Amino acid sequence: MAEQLIQTVIIGLSNGLIYALVALGYTLVYGIIELINFAHGSVFMLGSMIAFTLLVAVGVSPGMPVGEIALLVIIVLGVTMALTATLNVAIERVAYRPLRNAPRLAPLIAAIGMDFVLQNVGLLWKGPANLGFPDVIPNANVLTTVLGLDTGISITYKQIFAVAVTVPLLVVLTWFVSKTRQGKAMRATAQDPDTAGLMGINVDRTIAITFIIAGALAGAAGLVQILYNNTTVWSLGFRFGLNAFTSAVLGGIGNLKGAVLGGIVLGLINAFSDRYLAAQWTNAIVFGVLIAILVFRPTGILGQQLADRA
Amino acid sequence: VSSLITPVERGQTGGVSAWTAHVLNSAMSWPDAYRSALRERRGRTILLTVLVILVFTYPLINRYALQPFSRNVFPLPVPDDTTVVFMLIFAAMAVGLNIVIGFAGLLDLGYVAFYALGAYTAAYLMSPHWGSFGVSLVLFSDVPPNFPGIHLPFFIVFWLAAVVAAVFGALLGAPTLRLRGDYLAIVTLGFGEIVPVFFKNLVNVHFELGPIKLVNANLTGGPLGINPIDAPSVLGIKMGVISGFNAVYLGLAIVLLCVVIARNLERSRMGRAWMAIREDETAAEMMGVNTVRTKLLAFALGASFAGFAGAMQASYQGATTSDFFMFSTSILVVVMIILGGIGNIWGVILGAVVVQYIDKTLLAWAGARLTEIGAATGNPGFRDINPSQFSFLLLGIALVAMMRFRPEGFLPSRQRAAEMHTAPPDQAIGSAALLDDSTGADNLGTPAGDEEAEPATTPDQDEEQSP
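Residues numbered from 1 in each chain as written. Chains lettered and ligands numbered in written order. Predicted model: local features only at pLDDT ≥ 70, side-chain atom pairs only at ≥ 80, totals over all residues. Heavy atoms only, no water.

**A look at the overall build of chain A**
So, step 1. Within chain A, the regular secondary structure consists of 12 helices and 2 strands.
So, step 2. Of the regular secondary structure in chain A, the N- to C-terminal order runs α-α-α-α-β-α-α-α-α-α-β-α-α-α.
So, step 3. Over its C-alpha atoms chain A spans a radius of gyration of 19 Å, differing by no more than 12% from the 19 Å that the globule rule assigns to 310 residues.
So, step 4. Dimensions along the principal axes, computed over C-alpha positions, put chain A at roughly 60 × 45 × 40 Å.
So, step 5. Taking all 310 residues of chain A together, the buried fraction comes to 61%.
So, step 6. Expressed as a percentage of contacts within chain A between residues at least 6 apart in sequence, the contacts between residues at least 24 apart total 75%.
So, step 7. Within the structure as shown, chain A displays about 11,300 Å² of accessible surface, and the carbon and sulfur contribution to it stands at 68%. (Helix = DSSP H or I, 4+ residues; strand = E, 2+ residues; numbered from the N terminus. Rg over C-alpha atoms; globule rule 2.2 N^0.38 Å. Buried < 20%, exposed > 50% of the residue type's maximum accessible area, 1.4 Å probe, protein only. Contact = heavy atoms within 4.5 Å. Areas by Shrake-Rupley, 256 points an atom, 1.4 Å probe, with all protein chains shown as cover.)

Right under this line is the structure:
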């Protein structure tokens, strides 16, 4: 019983970290231009397809030596992040930037339209079927095989991999936003774009950089999705994106640590619902949580004053 | 709200009998009204007359004049009866969602939930579904008596479906309408996702409360949905999917009903309150508009139109399953409104007709032509292109392009067009002090260590004064 509980927590934590990567994309963009970037889930989906294609292209396969796999995966990670960052900034340029002074409804609808475009790009590119990728990173239990413990709890190499990719990215992002000059420009723009512009900050460039970061994180999440969950499909982005958005709202949208915390909490909710309730109800529960938060505490767990907006 | 209406107007809301007299009066005097309209606005009246005649004779023309020749004579394909019925079902929904988005300015992304609720209400009240619970109730229906399940006539079920949808609209609205803008969009989206999940999964329910005891009860038909559902019938004339164009007239009647209701709402005191809220909620509230009640009514009334549409869908097709009610359907209706012309009833109907036509008729036709070209040229590559699968790609591109180049749609309402081109200062992106009042350095937009952040509600003076 206790083992089952711990196991559920471990699964929830590692899934939650992937949610967190995508949730950060929502939170960054919402923080800076107050747009729910509906297309973000599909950027993640395309990221997973790009990662899939690249991994197949460089010939990563389960039999390879560990060092070689690690090297190739790092290269693929970099290329995927660069491509999704480019994609995301292109979306901003084409769909959102011209609408910067339009009513709030306009960019939101443009984002929904963009989401459909990206989904269909995925559909046309890879077809309607699920893409499966083999277990390059073994699914073996580290606790029993390496540490030789006699336990029913399992922590797999894959889970360690997911943590090893996400945590450094989260640390770097936090450092970037809170310590660098560009991060300061982002915070200033988020607070008041007009004044930031008057202070000599290039607002367009700062917003573009925010989209680049969000896109890169979505790409990283896409690679983790392929190597950790071993599958992708054109419609993956919508559900996953909604989960990630829920995470962002859960933690308090616009708040970076909140997005990570929200992702982890949502991962846990998902894992517990799958385990102790039934998987087919998990979506209803996630949305129920989302509605409950927005209604009762729109500022999220870590939240901030959103009284005017929400 | 009282400041919004004049005493004379208030005097006119004089109960059912006065209303009936008013309706009869206007029905009797329409030839006079028509003549004077013909005198005063000749071109417009003639155009409208032709349009109405065309719409009501279309099913006949379609069956006897267009369908037999469509491939040879006309450059573009003619929609079949089922497509036309769905154009009308979606037109009813577009008119309803237009109340929510177009009039009141509330973005509802879960409208499909109310469509589903309407459809399942009809399915419950017009099918053998409850037969397995030992229920048999046949009232004024052409089903034989003692037939298992509940069988009520369509024209009662139709209204009940609207009531159920409206009640759920109010239930969802009550706690959520305090939220603004995109937060409301997300909550409605979540609701739209939850409702079909319930319809899909409530298959073996165990429930015990006092005398009520359910064991392994199949409440919703699960993934298979509910069928067969009785076809709508008037005076013994069946109007289901197998009865040809009869159903088109039923659909037309439903759309007409929706248009009349929406048109009257738009011009009522409530309609003016909706528009006031849409333009500036705070100002509307200051003027005495009860914003929560007004928004709630927009939500519930808008939802009831989806109830009509759902009842029609279930009864017309004779089956309903949770798979009909996906997020993409909500978006489809939003697209119809945006393309057609947000805020304008005729615009959104045009949007519904055009989008359905492209989605159901034009793309399938294009696919068939491509296959023919492939066969004629001996190039099998053409056969593998299936334009129907591009429909959402096209809709997506249309949404993005419309927002950029013509955000008010093709047939906009004048007022709405003006709004879509110039944002009120406090609504433009990034201008509100959303992230002002935060405390952690990890918050975007927080000057680190700023302990005296201003409250988020403080309006930005400069922007308030700019025109």
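**Things to note about the nonpolar core**
So, step 1. Residues A:Phe38, B:Leu109 and B:Phe114 are the most contacted members of the largest nonpolar core, which totals 216 residues.
So, step 2. Apart from residues no more than four positions distant in its own chain, A:Phe38 is found in contact with A:Tyr26, A:Leu108, A:Ala111, A:Ile112, A:Asp115, B:Leu109, B:Ile186, B:Leu189 and B:Phe327. (Core = buried A, V, L, I, M, F, W, Y, C linked by side-chain atoms within 4.5 Å.)

**With respect to the pairing of strand S5 (residues 212–217) of chain B**
Residue and element names in this part refer to chain B.
So, step 1. Relative to S5, strand S4 (residues 205–209) runs antiparallel, the two sharing 4 bridges. By the bridge assignment, leucine 209 is partnered in S5 with isoleucine 212.
So, step 2. What sits between S4 and S5 in their antiparallel hairpin is a turn of 2 residues, with glycine 210 showing a positive phi close to 60°. (Pairing = 2+ DSSP bridges.)

**Quick word on helix H1 (residues 2–33) of chain A**
Residues and elements named next belong to chain A.
So, step 1. Its 32 residues place the ends of H1 45 Å apart at the C-alpha level, agreeing with the 46 Å of an ideal helix rising 1.5 Å per residue.
So, step 2. If you look at H1, its biggest bend is around 25°, right at valine 22.
So, step 3. With respect to burial, H1 is a largely interior element, 23 of its 32 residues being buried. (Expected span 1.5 Å × (residues − 1). Bend = angle between axes of the 7 residues up to and from the residue.)

**Here's the deal with the sheet that holds strand S1 (residues 126–127) of chain B**
Residue and element names in this part refer to chain B.
So, step 1. The strand order S1-S3-S2 describes an open sheet built from 3 strands, whose pairing is mixed. Looking along the sheet, the strands with just one partner apiece sit at the ends: S1 and strand S2 (136–138).
So, step 2. Examined bridge by bridge, S2 and strand S3 (residues 149–151) share 3 bridges and lie parallel to one another. Paired with leucine 137 across the two strands is isoleucine 150, which belongs to S3.

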